Amino acid sequence: MSAMLPIGLTRMSMPLVVWALHFVVVYSLQGLACARALWRAPVAGLETMTWVLWALTLLALGVIALFGASALRAWRIARAQTDGRTETSRLRFLTALSALVALIAAIGVAFTALPVALLPTCA
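This report concerns the structure included in the present document.

Take helix α1 (residues 9-36) next. Here α1 contains 28 residues, and its C-alpha end-to-end distance of 39 Å stays within 8% of the 40 Å for a straight helix at 1.5 Å per residue. Where α1 bends most, at Pro15, the angle is about 35°. For α1, every residue scored as buried is listed here: Met12, Pro15, Val18, His22, Val26, Leu29 and Ala33. The secondary structure elements touched by the buried residues of α1 are α2 (48-80) and α3 (86-118). Directly after α1, the chain includes Ala37, whose backbone phi takes a positive value near 55°.

Turning our eyes to something else, we now look at the packing of α1 against α3. The N-to-C vectors of α1 and α3 enclose an angle of 10°; their axes lie 7 Å apart at closest approach. The orientation of α1 with respect to α3, classified from their angle, is roughly parallel. Contacts between α1 and α3 involve Met12, Pro15, Leu16, Trp19, His22, Phe23, Val26 and Tyr27 from the former and Leu94, Leu97, Ser98, Val101, Ala102, Ala105, Gly108, Val109, Thr112, Ala113, Pro115 and Val116 from the latter. Tallied by class, the residues present in the contact of α1 with α3 amount to 16 nonpolar, 4 polar and no charged.

What counts and how
- Residues numbered from 1 in each chain as written.
- Predicted model: local features only at pLDDT ≥ 70, side-chain atom pairs only at ≥ 80, totals over all residues.
- Heavy atoms only, no water.
- Helix = DSSP H or I, 4+ residues; strand = E, 2+ residues; numbered from the N terminus.
- Expected span 1.5 Å × (residues − 1).
- Bend = angle between axes of the 7 residues up to and from the residue.
- Buried < 20%, exposed > 50% of the residue type's maximum accessible area, 1.4 Å probe, protein only.
- Contact = heavy atoms within 4.5 Å.
- Axes fitted to C-alpha atoms, helices over the stretch in contact; angles between N-to-C directions.
- Parallel < 35°, antiparallel > 145°, perpendicular 65-115°, else oblique.
- Nonpolar A, V, L, I, M, F, W, Y, C, P; charged D, E, K, R; others polar.

Have a look at this one:
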């Protein structure tokens, strides 16, 4: 069964990579918006940059949710195995850890996006 659920360090860390990319892109675009007046025209009551930052945040949360759902599904499969083998215990631990990493990354993305929600683009 473990061959069907490959969990490695790369797969476990992908939600954190998405969080880091979101952090860099959001704050870089926000800096460009303030320094170069990039996408500052209002659209539907908000600046275009704000809409772009919201879209990137939703995209990041969606990708992290996919990784988290995959890890949760793998954890449920691993939890159903009760053979008492060390490999099964290891797989169960790694899948649970992957789901928790995805949750932490989602919290990180939400925390990073908090200024976008509460402040104007160049506050």
